[in-house]
Amino acid sequence: MTNINFAYILINPFKYLFLLGLLFGCLCSYLDTKIHKEISLLITCNENTEIYIRIQNIIVITFFTGLFGAIRGGIFTYINVLIYEKVAKKIFFNIKSASMYEWDTVLKTDELSKCLLGDISHVIETLSFLLNASFRTLTSLIYVSYILYNLSSNILCLCFVLSICHVFIFHNIHPWHGKYVEITNKNKLKLEKHMNEYIQKYNGILLYSWQDFYYNVFENNLKNFKDSVPVQSVVYSILTFLTHIICKWGEIILIAFLLYEKKTIPVILEIISYYNILTSTINTLKDLSLNTIKSKEQVERVWNIYTLNETKKIDLSHIILENKYSIAFNNISFSYPSDNTLIFNNFSLKINEREHIALIAKSGSGKTTLFKLLLNQYELKTGEILINNCNVRNIPKKVLNQLINIVPQEPVFFSNLSLYENIVMGCHSSKENIKSILEKVQLSSFINKIDEPLTDLSGGERQRLAIARILVNNCPIIILDEPTASLDTETTSLIMDTLKDYMVDKIVIIITHNHNIITDSMKKIFL
């Protein structure tokens, strides 16, 4: 069901273009069957004039089949590009907007890498091919069935039974050959790996005089490879023979029945041609169903990320943005998705306008978790978190980012961006202002490197650059998570003096073990 829903969502914006492609595909299928009919009639022609007409018809039909096929291919290639753009853009937007909870539950690292590295292209190609090929195949199936039914319902039923038997038996016999091919390929791969390893490590082999030992191992691998080939050849020959017999016995039974029905040779040749088309069509439908089953996991992976944020409801009318801000944690209970242990159990905290809070506790007590909950990165079990009496769940992430500035314990920087870009991160600030901020955070040596990529930063430099980021924006709420953990005493004192004036009219939450940066005016909360 996911495949159908996803295919509909992807195709719907381009439905008219897609229907045009299907139309040309159906015309191709119709013309293919016409070619078969013309060829069967050509075989039984006696007069030169009739032969010329049949050849002329085949040439004209072949030309239009190729033309319509080229147009269909161009349309579906263009649609695939448009769909890829749509899916990739939506997935990247959802990744960008995802919360910590979604990263933990849906956007698992291995799942995400698989999706981005190949699933998107594979899923789009599979769904597009599924719809395209299924319509073409069904067109052929309906057209051939209609012709055979007009000849005789008994002939139609017999052709269907023989075609289904042929496809079913071939489908069950063919994998046996694949197993023996796999064994041979494994032995061959082992042989090649052994030879490559000898070449790469010949110095050590010569040094310890291991040549004879290695050669004996090589001979054993070679023998295994050699022994597997005859078995594979015999199995392949038997299976090929059985497949051929099954295929021909179906035609023989059909011919015998048609002779019993006293059909003429031209009619018999035409029906055999349609029988082969019917068999090929049913086989294609079987392959499509198998491909759909095989791609189910990939489709679900892309679907889960594609629809990640569709259930979120943002009520902009309830957002209250004023010059005065307050925060309230009302009876919140929370545990991480992977662990049922409660980090907070009916926890409440009220932070008033311009109030400075120091959260003090041992490691693992939930200090860092608290600000992640404030940023709506996880869903609460019970309770609510309010900013100006507005639930953070109803505030868009973009607005939350304008309200709250953070200095995390482990700040993230990007080596492919310049120092300036790493500090402003999309905000508008002049380079002169950034140079002034670098001086304030004791990074004067970085002023001349403002346009250079970031490389080889120490822990203290990373911490100070993270503090520089919050000075760029004038957010009303500041969260400092161990802001001086990697700084020495002197630098800590200078940085805190710089932040003192900046934080005076803001709500400040400091999470720290360093009691030296906790002032008497701060409200101390022990977790």
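Just above, that's the structure.
Residues numbered from 1 in each chain as written. Predicted model: local features only at pLDDT ≥ 70, side-chain atom pairs only at ≥ 80, totals over all residues. Heavy atoms only, no water.

## Considerations on the layout of surface pockets
Defined as follows: Every definition here rests on a 1 Å grid over the protein atoms only: cavities are sets of points where a 1.4 Å probe fits but cannot get out, pockets are open sets enclosed by protein on both sides within 12 Å along at least five of seven lines, and lining residues have some atom within 4 Å of a point. Grid points are joined across faces, edges and corners, and a volume is the space filled by probe spheres set on the points. Secondary structure is summarised from DSSP: a helix means a run of H or I of at least four residues, a strand means a run of E of at least two, and numbering begins at the N terminus for each. Only Asp, Glu, Lys and Arg are considered charged in this grouping, and only Ala, Val, Leu, Ile, Met, Phe, Trp, Tyr, Cys and Pro are considered nonpolar; every other residue, Gly among them, is considered polar.
Of the volumes computed, that of the second largest pocket is approximately 390 Å³. In terms of lining residues, the second largest pocket is bounded by 19 residues, among which Met496, Asn516, Ile517, Thr519 and Met522 are the most central. No other element matches the six residues that helix H16 (residues 489-502) contributes to the lining of the second largest pocket. Partitioned by chemical class, the residues of the lining of the second largest pocket number seven nonpolar, nine polar and three charged.

## Examining the pairing of strand S7 (residues 477-481)
So the rule is basically this: Each residue's exposure class comes from its accessible area (1.4 Å probe, protein chains only) as a fraction of the maximum for that residue type: buried when under 20%, exposed when over 50%, partly exposed otherwise. DSSP calls a pair of strands paired once it identifies at least 2 bridges connecting them.
Burial runs high along S7: five of the five residues are buried. By the alternation rule, side chains of S7 split into Ile477, Ile479 and Asp481 and Ile478 and Leu480, which are all buried. Alignment of strand S6 (residues 404-407) against S7, held across four bridges, turns out to be parallel. Counted as the bridge partner of Asn405 is Ile478 from S7.

## Observations regarding the pattern of salt bridges
We apply this condition: Between Lys or Arg on one side and Asp or Glu on the other, a salt bridge is scored when a side-chain nitrogen of the former is within 4 Å of a carboxyl oxygen of the latter.
Within the structure shown, the criterion is met by four salt bridges. One salt bridge in this structure joins Lys435 and Glu432, with 3.8 Å as the shortest N-O distance. Here Lys435 pairs with Glu432, and both are found in helix H14 (residues 431-440), just three residues apart, close to one helical turn. For Glu432, a relative accessible area of 56% corresponds to the exposed category. Ionic pairing is found between Asp505 and Lys506, a salt bridge with its closest N-O pair at 3.2 Å.

None of this, on its own, says anything about what the molecule does.
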